[in-house]
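Spelled out, the chains give:
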Amino acid sequence: MKLSSEQQEIIERIGVFFERKGHQPILGRIMGLLLVLDEAEATFDEIQEYLSVSKSAVSNALTLLQTQNKVEYTTKPGERKRYFRLKVRNWRKDMQEDMQGIFRINMLLKDVMAMRSQKNMEFNTCIEDFQQFIEFMQEEMPKLIERYDRLHNS
């Protein structure tokens, strides 16, 4: 089992992306691997072999990815192996949950702004601008989803 240099490069780029977002790079590397493999799935041992990482690293990462509802596993008749794959079928639900988190942050920011003094107006203005953008997104997102559906489901 050998990955092409192009596959290895994109897997590493996805790992770096996840690392910059504050996650362990192995999470992104596993997700990248599952994206580039033609089968779009791999066993535990295959993941370990493809990525040249320890069993514990793979185990911990897969547990976390499953907890985050990003990876699931399936089995095949007559086999004991588990095949891990991305849960890309629920992208819309995942995105809506992420957006709800951003909208909840906005409520917290409103509470913060209600108690802040006017001493640092530059900072306050930045926070207020961010809040306004989040409110704009909250208003426009349903329209955007509806437009997408019209364009892609006709």
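Now for a quick tour of the structure. A quick note: this is a predicted structure, and the numbers were derived from the prediction, not measured.

Cut-offs used in this document
- Each chain has its residues counted from 1, following the order in which its sequence is written.
- In keeping with the model being predicted, local features are shown solely for residues with a pLDDT of at least 70 and side-chain atom pairs are shown and tallied solely at 80 or more, while totals for entire chains, interfaces and linings include all residues.
- With hydrogens and water set aside, each side-chain value is computed from the structure's full complement of heavy atoms.
- We count a stretch as a helix when DSSP gives it H or I for four or more residues in a row; a strand needs E for two or more, and each element gets its number in order from the N terminus.
- By this rule, a helix spans an expected 1.5 Å times one less than how many residues it contains.
- Here the term buried applies to any residue with accessible area under 20% of the maximum for its type, exposed to any over 50%, and partly exposed to those in between, with areas from a 1.4 Å probe on protein chains only.
- Our arc is simply the arc of the directions from the helix axis toward the C-beta atoms.
- Whether two residues are in contact is decided by their heavy atoms, any of which lying within 4.5 Å being enough.
- As a rule, the C-alpha atoms of each element are fitted with a line to give its axis, helices using only the stretch in contact, and angles between N-to-C directions run from 0 to 180 degrees.
- Any angle that is under 35 degrees is reported as roughly parallel, and any over 145 degrees as roughly antiparallel; angles of 65 to 115 degrees are reported as roughly perpendicular and all others as oblique.
- Take the far helix as your reference; a near helix turned counterclockwise from it by less than a right angle gives a left-handed crossing, and one turned clockwise gives a right-handed crossing.
- Each residue is assigned to one of three groups, with Ala, Val, Leu, Ile, Met, Phe, Trp, Tyr, Cys and Pro labelled nonpolar, Asp, Glu, Lys and Arg labelled charged, and all others, Gly among them, labelled polar.
- Patch membership needs two things, relative accessible area over 30% and no salt bridge, and members are linked within 9 Å if like-charged or within 5 Å if nonpolar (Val, Leu, Ile, Met, Phe, Trp, Tyr).
- Surface accessibility follows the Shrake-Rupley procedure with a 1.4 Å probe radius. Residue values consider only the protein chains on display as shielding.
- The salt bridge definition used is simple: a Lys or Arg side-chain nitrogen within 4 Å of an Asp or Glu carboxyl oxygen.
- Strands are treated as partners if at least two bridges between them are detected by DSSP.
- Any residue with an atom within 4 Å of a point lines the site, the site being either a cavity, points on a 1 Å grid over the protein atoms alone where a 1.4 Å probe fits but cannot get out, or a pocket, an open set with protein on both sides within 12 Å along at least 5 of 7 lines.
- Grid points are joined across faces, edges and corners, and a volume is the space filled by probe spheres set on the points.
- Boundary definitions for the domains trace back to an automatic or database domain assignment.

1. Looking at helix 4 (residues 55-67)
Compared with an ideal rise of 1.5 Å per residue, which puts 13 residues at 18 Å, helix 4 spans 18 Å between its outermost C-alpha atoms and is within 8% of the ideal. Those residues of helix 4 that fall on the buried side of the exposure criterion are V58, A61, L62 and L65. Seen along its axis, helix 4 keeps its buried residues to an arc of 100 degrees; they face one direction. Relative to its buried face, helix 4 has exposed residues pointing more than 90 degrees away, namely N60 and T67. Looking at the buried side of helix 4, the elements it contacts are helix 2 (25-36), helix 3 (44-51), strand 2 (71-75) and strand 3 (82-86).

2. Observations concerning the packing of helix 5 (residues 91-115) against helix 6 (residues 121-152)
Orientation of helix 5 relative to helix 6, taken along the N-to-C sense of each, is 155 degrees, at an axis distance of 10 Å. One finds that helix 5 runs roughly antiparallel with respect to helix 6. In this structure, the crossing between helix 5 and helix 6 has a hand that is left-handed. Class assignment for the residues of the contact of helix 5 with helix 6 results in 13 nonpolar, five polar and five charged.

3. Notes on a nonpolar patch on the surface
A grouping of W91, M95 and Y148 is seen on the molecular surface, where their side chains present a nonpolar patch of about 320 Å² in accessible area. Take M95: it is sitting in helix 5. On the basis of relative accessible area, M95 is assigned to the partly exposed category, the value being 44%.

4. Observations regarding the packing of helix 2 against helix 4
Following both chains from N to C, one finds helix 2 and helix 4 inclined at 80 degrees, their axes separated by 9 Å at the closest point. Judged by the angle between their axes, helix 2 and helix 4 are roughly perpendicular. Note on element contacts: helix 4 touches helix 2 through A57, V58, A61, L62, L64 and L65, opposite I26, L27, I30 and M31. Grouping the amino acids of the contact of helix 2 with helix 4 by side-chain chemistry returns 10 nonpolar, no polar and no charged.

5. What to know about the pairing of strand 3
Where strand 1 (residues 42-43) and strand 3 come together, two bridges link them in antiparallel fashion. When the sheet's bridge partners are listed, A42 is paired in strand 3 with F84. Bridge analysis of strand 2 against strand 3 gives five bridges, and the strand direction is antiparallel. What sits directly across from Y73, in strand 3, is F84. Between strand 2 and strand 3, which pair antiparallel one after the other, the connecting turn spans six residues, and G78 there sits at a positive phi close to 80 degrees.

6. Remarks on the side chain of N106
Mapped onto the elements of the fold, N106 is located in helix 5. Look past the residues within four positions of N106 in its chain and what remains in contact with it is Q131, I134 and E135.

7. Brief notes about the layout of surface pockets
Taken as a whole, the largest pocket encloses approximately 520 Å³ of empty space. Along the wall of the largest pocket there are 19 residues; nearest its centre are F17, F18, M31, K70 and D98. Elements with a minimum of two residues in the lining of the largest pocket: helix 1 (5-20), helix 2 and helix 5. If you tally residues by element for the lining of the largest pocket, the top one is helix 5, at four residues. Partitioned by chemical class, the residues of the lining of the largest pocket number 11 nonpolar, three polar and five charged. Inspection of the lining of the largest pocket shows a minimum of three residues originating in each of domain 1 (5-86) and domain 2 (90-153).

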